[in-house]
Amino acid sequence: MSIAICGTEWILSGPNGTGFGDGWLPRIVAERFVSSTRDGDVQRAPDPVPFIQAEMSWTNETGAAQHAWLGTHRAPRTIVAANPNTYAVDDAISWDIGVSPNAPEPYATENGIGARLQTTPNASNEVGYSRMFRGWDDSVRTDELGTVADGDTVHIRYSALYTTPGSWRAPNQGLQVVRVFWVRLRLLAVPEATP
């Protein structure tokens with residue numbers, strides 16, 4: 001058994017030894033849960049259509065510069081594609097750090113999912129009826145935002161954008177569904193150095 005030594009808020013000391021205090025461990029400083037507003041039947045969308053739009057801000061009032069990361073937890077997603085079109089959902093994130101930050105509007109194609117179904121009849125008099133059901137598991141993405149100085153604010157914007165890239169024809173099946181369900185944004189921070 002060891003003797004506890006004097007420490008600070010940055011150091012833990014006890015019978016088992018010393019280690020980093022809770023202030024040194026990454027912690028969630030802001031969190032946002034947002035549901036989709038447009039899940040369900042879809043049509044042609046040559047321009048991005050937002051299914052989820054979210055904003056989140058956090059002001060560093062800790063007295064020390066903080067290093068920040070954004071964790072984006074996306075729900076399982078589903079696309080029901082009808083022949084012969086392409087359906088895509090792209091995730092876009094933007095951020096700004098400063099005294100009065102204003103993150104730009106995020107715009108498609110950072111990463112996402114998509115489905116395309118194209119079937120061709122074997123003979124000219126055959127009708128090609130096709131439908132594809134495709135599902136993706138939930139996923140977590142982490143983006144490093146950088147340093148947030150004491151007194152600065154980080155402003156984050158997130159969008160899940162639905163589009164139909166490429167040519168579009170009237171589908172041969174009526175069922176066309178896209179579901180993105182929800183997203184959970186978590187801002188994590190850890191001190192860069194002891195004050």
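As a starting point, this report considers the structure included with it. This structure is a prediction, so every number in the text was calculated from the model and none was measured.

Cut-off values and rules
- Residues numbered from 1 in each chain as written.
- Predicted model: local features only at pLDDT ≥ 70, side-chain atom pairs only at ≥ 80, totals over all residues.
- Heavy atoms only, no water.
- Pairing = 2+ DSSP bridges.
- Helix = DSSP H or I, 4+ residues; strand = E, 2+ residues; numbered from the N terminus.
- Axes fitted to C-alpha atoms, helices over the stretch in contact; angles between N-to-C directions.
- Core = buried A, V, L, I, M, F, W, Y, C linked by side-chain atoms within 4.5 Å.
- Buried < 20%, exposed > 50% of the residue type's maximum accessible area, 1.4 Å probe, protein only.
- Contact = heavy atoms within 4.5 Å.
- Salt bridge = Lys/Arg side-chain N within 4 Å of Asp/Glu carboxyl O.

**Re the sheet that holds strand 3 (residues 27–35)**
Here comes step 1: What the 4 strands build is an open sheet, ordered 3-14-6-11; its pairing is antiparallel. Of all the strands in the sheet, just strand 3 and strand 11 (139–148) have a single pairing partner and so form its edges. Each adjacent strand pair in this sheet contributes to an overall mean axis angle of 15 degrees, direction not counted.
Here comes step 2: Note that strand 6 (residues 66–74) and strand 11 share 9 bridges and pair antiparallel. From the neighbouring strand, His67 faces strand 11, where its bridge partner is Thr147.

**What to know about the sheet that holds strand 5 (residues 49–59)**
Here comes step 1: Taken in spatial order, the 4 strands make up an open sheet running 5-12-8-9, and their pairing is antiparallel. Each edge of the sheet is formed by a strand with only one pairing partner; in this case those strands are strand 5 and strand 9 (111–116). When the angles between neighbouring strand axes are averaged without regard to direction, this sheet yields 10 degrees.
Here comes step 2: Inspection of the sheet shows strand 8 (residues 86–98) paired to strand 12 (residues 153–163) by 11 bridges, in the antiparallel sense. By the bridge assignment, Asp91 is partnered in strand 12 with Ala160.

**Looking at the nonpolar core**
Here comes step 1: Ranked by size, the top nonpolar core spans 35 residues in total, and within it Ile79, Ile156, Tyr158, Tyr162, Val178 and Leu187 carry the most contacts.
Here comes step 2: The element contributing the most residues to this core is strand 5, with 6 residues.
Here comes step 3: Apart from the residues within four sequence positions on either side, Tyr158 is in contact with Ile52, Gln53, Ala54, Thr72, Arg74, Arg77, Asp91, Ala92, Ile93, Pro106, Val183 and Leu185.

**Description of the pattern of salt bridges**
Working definition: two side chains of opposite charge can pair if their charged atoms are close together.
Here comes step 1: The full count for this structure, using the stated rule, is 6 salt bridges.
Here comes step 2: The partner of Arg186 in a salt bridge is Glu31, with the nearest N and O atoms 3.2 Å apart. With Arg186 in strand 14 (residues 182–191) and Glu31 in strand 3, this residue pair connects regions lying 155 residues apart in the sequence.
Here comes step 3: According to the relative accessible area criterion, Glu31 is partly exposed, its value standing at 43%.
Here comes step 4: When salt bridges that share partners are traced, they join Glu31, Arg184 and Arg186 into one network.

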